[in-house]
Amino acid sequence: ISNTYKMPPLRQRKPGNTADEDDSSDPSEHQEDGGVSNGQQAKNKPSSNPPPTPAPTPSPLLDTVCTFGAQTFTTDQGLKIIQWSSWAIAYLTASSRQHKETLSPALQKLSGEVSFTRYVLRFYGFFQSLEGYRSGSWAGGSWDNPKIAKIAKYLMAGSMLFYYPLEHVAYAGWQLPTLSKFSRDNANKMSALSCVFWTAYIIGDFWASCLKWNELKKKLNDLGRLLAIKKRDDDKAGMMEVEQEQHAVAKRIRLVKLQVIRCLLFILPSVNWSLPNWATNPLLGELPLNGLMLAEAYTSVYQTLVGMRG
């Protein structure tokens, strides 16, 4: 926030009597030694007020990073990048003689630590889900198709009301084995059960996103026909308004497409972690499982940046 300095008022010369005005000046405005006027002396005297502080140069990158880190949701996206990128580098360096005993295990450990950090960030998830269930805010605005609001409320927010508590129980079993009555095997089963509800959420998200995509495409086509009418009538103001709305709808379609891609990247890992023996006999191997999660992590951050841009 820049400071605004109030500049002192300009000192003005007292106006003379216009009827008697001549080339002479009032002797009271002169000094005895040199005849320098008080007005000139004020001009020569340095100002006691500090100069205005220049406004800092805007930094779009810094603004984006600060905005990105100010919310729990986007903070989690950043941690996903660290988690799965650490795994990827660890995986690629595991066969290297130089790094297999140093860099690779260190990054593998970092990936696991960040994963548990993300569990802690989701401690507020139940209340966010409850708010979404009560208000219907997870629909992302109002839609002509009533199915979108119902899917968002009952299938998406409703499933998360069960997902988060079950995940918290699993986390307690893993991190507090001496205090909880759950063994590690039981904690794994609780995690699998929580991922069943996560899979239900992903299916609902995919379904709702497809319905949104279809509705937005129809709206974009309607705007195209309306723009043609405005051009025919030479309504320049109307054309500008329609074009701005077209841009907004096209951006929403782009975001919905990215959401569909994220759902497709999520679905196989969620099914894998929903199986009771996911920890001992997983459906997917390490490379395809974590590779899909890595791709989703970067897609989610890209989607957020697209949404932040105008």
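Procedures and definitions
- Think of each chain on its own: its residues are numbered from 1, step by step along the sequence as written.
- Totals for whole chains, interfaces and linings use every residue, but because this is a predicted model, local features are given only for residues with pLDDT of at least 70 and side-chain atom pairs only at 80 or more, for both listing and counting.
- Side-chain descriptors were evaluated using all non-hydrogen atoms of the structure, hydrogens and water having been removed beforehand.
- Only DSSP runs of H or I covering at least 4 residues are called helices, and only runs of E covering at least 2 are called strands; the numbering of each starts at the N terminus.
- Type-normalised accessible area, obtained with a 1.4 Å probe on protein chains alone, sets the label of each residue: buried when under 20%, exposed when over 50%, and partly exposed for intermediate values.
- Contacts are assigned to residue pairs with any non-hydrogen atoms lying within 4.5 Å of each other.
- Values of accessible area rely on a 1.4 Å probe in the Shrake-Rupley scheme; residue burial ignores everything except the protein chains shown.
- Every axis in this analysis is a line fitted to C-alpha atoms, fitted for helices over the stretch in contact. Angles between the N-to-C directions lie between 0 and 180 degrees.
- The labels follow the angle: roughly parallel below 35 degrees, roughly antiparallel above 145, roughly perpendicular from 65 to 115, and oblique for the rest.
- Left-handed describes a crossing in which the near helix is turned anticlockwise from the far one by less than a right angle; the clockwise case is right-handed.
- Here the term charged refers only to Asp, Glu, Lys and Arg, the term nonpolar to Ala, Val, Leu, Ile, Met, Phe, Trp, Tyr, Cys and Pro, and the term polar to all other amino acids, Gly among them.
- The term salt bridge refers to a pairing of a side-chain nitrogen on Lys or Arg with a carboxyl oxygen on Asp or Glu at a separation within 4 Å.
- Side-chain rings of Phe, Tyr and Trp, where Trp is taken by its six-membered ring, are said to pair if the distance between their centres is within 6.5 Å; with planes under 30 degrees apart they count as stacked, over 60 as edge-to-face, and otherwise as tilted.
- Residues belong to a common nonpolar core when they are buried Ala, Val, Leu, Ile, Met, Phe, Trp, Tyr or Cys residues joined through side-chain atoms within 4.5 Å.
- Grouping into patches uses exposed residues only, defined as over 30% relative accessible area, and leaves out salt-bridged ones; the cut-off is 9 Å for like charges and 5 Å for nonpolar side chains (Val, Leu, Ile, Met, Phe, Trp, Tyr).
- We call two N or O atoms a polar contact when they sit within 3.5 Å, provided that within protein one can donate a hydrogen and the other can accept it, with sequence-adjacent residues counted only if both atoms are side-chain atoms.
- Known as pLDDT, the predictor's confidence for each residue is given on a scale from 0 to 100.
- Between the first and last residue of a helix there are one fewer steps than residues, each counted as 1.5 Å, and that sum is the expected span.
- Think of the arc as the fan of directions from the helix axis to the C-beta atoms.

**Focus: the overall build of the protein chain**
Scanning the protein chain for helices and strands turns up nine helices and zero strands. Expressed as a percentage of its 310 residues, the buried residues of the protein chain come to 32%. Counting contacts in the protein chain only where the partners sit at least 6 residues apart, residues at least 24 apart contribute 72% of the total. Of the roughly 20,600 Å² that the protein chain leaves accessible, carbon and sulfur atoms contribute 60%.

**Looking at the packing of helix α4 (residues 103-121) against helix α6 (residues 146-175)**
At a minimum axis distance of 11 Å, the contact between α4 and α6 shows a crossing angle of 135°. Considered as vectors, α4 and α6 are oriented oblique to each other. Here α4 and α6 pass one another in a crossing that is left-handed. Residues Phe116, Tyr119 and Val120 of α4 lie in contact with α6, whose contacting residues are Glu167, Tyr171, Trp174 and Gln175. When grouped by side-chain class, the residues that make up the contact of α4 with α6 number five nonpolar, one polar and one charged.

**Let's talk about the pattern of salt bridges**
A full pass over the atoms with the stated rule returns seven salt bridges. The salt bridge involving Glu296 is made with Lys80; its shortest N-O contact spans 2.7 Å. With Glu296 in helix α9 (residues 286-308) and Lys80 in helix α3 (residues 72-93), this residue pair connects regions lying 216 residues apart in the sequence. Assessed through its relative accessible area of 3%, Lys80 is described here as buried. The salt bridge involving Glu167 is made with Arg122; its shortest N-O contact spans 2.8 Å. With Glu167 in helix α6 and Arg122 in the loop between α4 and α5 (125-135), the pair connects residues that are 45 residues apart, well separated along the chain. A relative accessible area of 3% places Glu167 in the buried class. Overall, Arg122 belongs to the buried group, its relative accessible area being 17%.

**Here we look at the packing of aromatic side chains**
Note on aromatic pairs: each is described by the distance of the centres and the angle between the planes. Tallying each qualifying case throughout the model produces 14 aromatic pairs. Consider the rings of Tyr119 and Tyr171, whose centres lie 5.8 Å apart with planes at 25°: the pair is stacked. Of the two residues, Tyr119 sits in helix α4 while Tyr171 sits in helix α6, which places them 52 residues apart along the sequence. The pair formed by Tyr119 and Tyr171 is uniform in burial state, with each residue classed as buried.

**As for the nonpolar core**
Grouped together as the largest cluster of nonpolar side chains are 45 residues, with contacts concentrated most on Trp84, Trp198 and Trp273. The element that contributes the greatest number of residues to this core is helix α7 (residues 184-232), accounting for twelve residues.

**Focus on unusual backbone geometry**
Here Asp234, not a glycine, exhibits a phi torsion of approximately 55°, which is positive. Among the structural elements, Asp234 can be located in the loop between α7 and α8 (236-274).

**Points about the environment of Ile267**
With respect to the helices, strands and loops of the structure, Ile267 is situated in helix α8. A relative accessible area of 26% places Ile267 in the partly exposed class. Sequence-wise, Ile267 and Ile203 are 64 residues apart; in three dimensions their C-alpha atoms are separated by 7.9 Å.

**Section: a nonpolar patch on the surface**
Together, Tyr91, Leu92 and Leu287 give the surface a local cluster of nonpolar side chains, amounting to about 310 Å² of exposed area. Mapped onto the fold, Leu92 is located in helix α3.

**Notes on the side chain of Gln259**
Looking at where Gln259 falls in the secondary structure, it is placed in helix α8. Of note is the side chain of Gln259, whose polar atom sits 2.6 Å from the side chain of Asp205. Excluding residues within four positions of it along the chain, Gln259 makes contact with Asp205, Ser209 and Gln303.

**Observations concerning the confidence of the model for the protein chain**
Here the protein chain averages 85 in pLDDT, and 83% of its residues register 70 or above. In the model, residues 1-37 has pLDDT below 50 throughout and makes 21 contacts with residues more than four positions away in sequence or in other chains.

**Comments concerning α4**
In this model α4 runs 27 Å from its N-terminal to its C-terminal C-alpha over 19 residues, within 8% of the 27 Å that 1.5 Å per residue would give. Among the residues making up α4, those that are buried are Ser104, Leu107, Ser111, Val114, Ser115, Arg118 and Tyr119. The arc enclosing the buried residues of α4, seen along the axis, measures out at 155°, which places them on a common side. Tucked inside the fold, the buried residues of α4 contact α3 and α6.

**Focus: the environment of Asn221**
Along the chain, the position of Asn221 falls in helix α7. For the pair Asn221 and Gln246, spaced 25 residues apart in sequence, the C-alpha separation works out to 9.2 Å.

**Notes on the packing of α3 against α9**
Following both chains from N to C, one finds α3 and α9 inclined at 145°, their axes separated by 9 Å at the closest point. Helix-helix and strand crossings are classified by hand; for α3 and α9 the assignment is left-handed. Across from Thr74, Gln77, Lys80, Ile81, Trp84, Ser85, Trp87, Ala88 and Tyr91 in α3, the residues of α9 making contact are Glu286, Leu287, Asn290, Gly291, Met293, Leu294, Glu296, Ala297, Tyr298, Ser300, Val301 and Thr304. Tallied by class, the residues present in the contact of α3 with α9 amount to eleven nonpolar, seven polar and three charged.

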